[in-house]
Amino acid sequence: MEYLRVSTEEQRKGYGIASQGKKTSGLIARKTWDHVGTYKDEGISGSLEASERPDLKRLMVDAAATPRPFDVVVVPEGRAIGRTGRAFWRWVWALEDIGIFVAIVDSDIDNTTDAGRREMRRQADYAEAEYERIRSRTQGGIQEKAEDGGLTGGRPRCGYRIENKGQKGISRIVIDKCDDGDGCVKVHEFAVLRRAWELVVLDRCNARQAALRLNAEGLLTRQGLPWFNRNLWQRLMDAVGEPEMVFRHPGRAKLGPDGNPIFGSTVVISLEPIFTSDEREQLRRAMARNRRGSGTKSAAAHYPLSTRILGLCGRHYSGLNRKERGGRVYHCSGKKEKYAGASVCGCPTINADVLESIVWAETCKLLGEPERLQAMSEDWLSTAIGNQVNYDERIADLDRQIDEQDSVLSVTTVVAAKQAARRGLSGEAAERAVQRTVKPIADELAELVALRDEVLAWKAENEIAGKRAADLRELAKVARSNLRKMTSVEQKR
């Protein structure tokens, strides 16, 4: 069986599935093995684990069949398995534990021997180092672009556009306004936001009224769609803030132990303002006035089925408290206009108390059947590839290899020191000679120790998943007597 994978980046460079297939088919033919099939993931990152790659996930399901459908999985190179040690080893070991081996074409190795496994470990380390280099180069380029004032990805905020797009060093984020005078026929976002400001501040329109007026005047969204209350209000909320874009915002970027972004520093890109400071303050007061007039929503905690019910129109229901018209109900979100003036659905309003009592009775029935819950939790656990690996065996095997390598290192150090003495070396020269001799052995020992630490972490993750399943079953036992007494807040949780 062959498994082929290329990332989107590799596809752009012309390294397709077909060229990989030639390599694997060649090895299969040289080994005189029977070629029984192919699994392939195109445009899939090597950092993803097996359960996150569609065809590799299918391969793992098929591999567990009885009788075993294949004995060896052939891959063109180590990075096809995975660019991180986690993605690499968990898959290889899961196959090993069901009696299936892995062969790598470009280095002509497999994991049927200790020597092959050592070389495979080097392949995994190289693939991860290459992945880190690629990510570092990519993030470094994005950082440089941000520091030059360019857009680092996605679309600029409403009211702005990219000038000289795609031209390195000279692309900039500028206000999206007309440069052609009165003859321009295109709708620019600068004009849309300025008109929205007039409607909200001067004409005292609320969000829906402003959206209706903009749509009627042909001042539509960037995509050419009509405005609706929420998206217009969000654009105006952005406009009352400082005219800037923050790259690697500390609140959203991936942070290191020191609390700073891992791949570079935070960069604030200052933008030319669309509104003056006074205009922004006027807009802020007008929006606050509208919010005060809109009333408050009932606490979501009193509606445990909010977003969990689908109406006939396909949209979800949410809780609503109609004090003047019958109290608590569930109301279909399809009744909200997609844009100002749009038609709405005809889904009925549902009495909250009646619906919640029916659904909660079914929930109590489910949670009151431990056998059914146990079957569900076991089925859930079996889908995780980590659950298919015997971690204790792997840790014991790594401990054995570490002990052997440690002994080899000790013996080699003594021999190297004696050789240095015979050559008349002393002091720093002797120490350097010993270090050169033992370095490959010490490096391999460090790799084994690092891998063992990772495997311990993976085992802990797997045990947590098992504990969650056990907790679910324990909940079912406790639930029989307590579930029916819960409040709506407890039911939602």
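Analysis parameters
Residues numbered from 1 in each chain as written. Predicted model: local features only at pLDDT ≥ 70, side-chain atom pairs only at ≥ 80, totals over all residues. Heavy atoms only, no water. Salt bridge = Lys/Arg side-chain N within 4 Å of Asp/Glu carboxyl O. Helix = DSSP H or I, 4+ residues; strand = E, 2+ residues; numbered from the N terminus. Buried < 20%, exposed > 50% of the residue type's maximum accessible area, 1.4 Å probe, protein only. Patch = residues over 30% accessible without salt bridge, like charges linked within 9 Å, V, L, I, M, F, W, Y side chains within 5 Å. Areas by Shrake-Rupley, 256 points an atom, 1.4 Å probe, with all protein chains shown as cover. Pairing = 2+ DSSP bridges. Contact = heavy atoms within 4.5 Å. Axes fitted to C-alpha atoms, helices over the stretch in contact; angles between N-to-C directions. Polar contact = N/O pair within 3.5 Å; in protein donor to acceptor, adjacent residues only side chain to side chain. Disulfide = S-S within 2.5 Å. Lys, Arg positive; Asp, Glu negative; His and termini not counted. Charge placed at Lys NZ, Arg CZ, Asp CG, Glu CD. Core = buried A, V, L, I, M, F, W, Y, C linked by side-chain atoms within 4.5 Å. 1 Å grid on protein atoms, 1.4 Å probe; cavity = no way out; pocket = protein on both sides within 12 Å on 5 of 7 lines; lining within 4 Å. Points joined across faces, edges and corners; volume = space filled by probe spheres on them. Nonpolar A, V, L, I, M, F, W, Y, C, P; charged D, E, K, R; others polar.

### Some points on the pattern of salt bridges
Taken as a whole, this structure holds 24 salt bridges when the rule is applied. One salt bridge in this structure joins E242 and R280, with 3.8 Å as the shortest N-O distance. Residue E242 is found in the loop between α9 (229–240) and β8 (244–247), and its partner R280 is found in helix α10 (residues 277–293); the two are separated by 38 residues along the sequence. According to the relative accessible area criterion, E242 is exposed, its value standing at 51%. The class of R280 is buried, set by a relative accessible area of 11%. The partner of D353 in a salt bridge is R328, and the shortest N-O contact between them spans 2.6 Å.

### Re a nonpolar patch on the surface
A surface patch of nonpolar side chains, about 240 Å² in accessible area, is lined by V354, I358 and V359. Note on placement: V354 falls in helix α11 (residues 352–367).

### Looking at the sheet that holds strand β10 (residues 317–322)
Read from one edge of the open sheet, 3 strands run β10-β11-β12, paired in antiparallel fashion. The strands lining the two open edges of the sheet, one partner per strand, are β10 and β12 (350–351). In the sheet, β10 pairs with strand β11 (residues 327–332) via 6 bridges, with the strands oriented antiparallel. Paired with Y317 across the strands is C332, a residue of β11. Sitting on the sheet, α11 is in contact with β11 and β12, with an inclination near 75° to β11.

### Observations regarding unusual backbone geometry
P67 follows T66 through a cis peptide bond whose omega is 0°. Here P67 shows up in the loop between α3 (54–63) and β3 (72–75). Even without being a glycine, R204 presents a positive backbone phi close to 55°. For R204, the location among the structural elements is in the loop between α7 (189–202) and α8 (207–216). Taking the relative accessible area as the measure of exposure, R204 reaches 52% and is therefore exposed. Phi angles above zero are rare outside glycine, and T307 is one such case at about 70°. Tracing the backbone through its elements, the reader meets T307 in the loop between α10 and β10.

### Looking at the side chain of D55
Mapped onto the elements, D55 comes out in helix α3. Reaching out from D55, the side chain makes a polar contact with the side chain of R58 at a distance of 3.2 Å.

### Structural notes on the state of the cysteines
One pass over the structure, following the stated rule, counts 0 disulfides. Here C332 stays free of any disulfide, with the sulfur of C313 as its closest cysteine sulfur at 3.6 Å.

### Comments concerning a positive patch on the surface
Residues R230, R315, K336 and K338 make up a contiguous surface patch of positive charge. Structurally, the position occupied by R230 is in helix α9. Judged by relative accessible area, which is 60%, R230 ranks as exposed.

### Here's the deal with the nonpolar core
In terms of nonpolar packing, the biggest core is built from 37 residues, with L59, V73, W91, W93 and L95 touching the most fellow members. Going through the elements one at a time, α3, β3, α5 (85–96), β4 (101–104), α13 (391–422) and α14 (427–482) are the ones with two or more residues in this core. Residue contributions to this core peak at 8 residues, all from α14. Discounting residues that sit within four places of it in the chain, L95 has contacts with L59, M60, A63, V73, I100 and V102. Core analysis: the second largest hydrophobic core is formed by 32 residues, W227, W233, V240 and M287 among them.

### Topic: empty space enclosed by the protein
For the structure shown, the criterion picks out 2 cavities of 30 Å³ or more. It is α9 that contributes the most residues to the lining of the largest cavity, 3 residues altogether. Partitioned by chemical class, the residues of the lining of the largest cavity number 7 nonpolar, 1 polar and 4 charged. The computed volume of the second largest cavity comes to approximately 90 Å³. Those elements giving two or more residues to the lining of the second largest cavity turn out to be α5, α6 (114–147) and α13. If you tally residues by element for the lining of the second largest cavity, the top one is α13, at 4 residues. Tallied by class, the residues present in the lining of the second largest cavity amount to 4 nonpolar, 1 polar and 4 charged.

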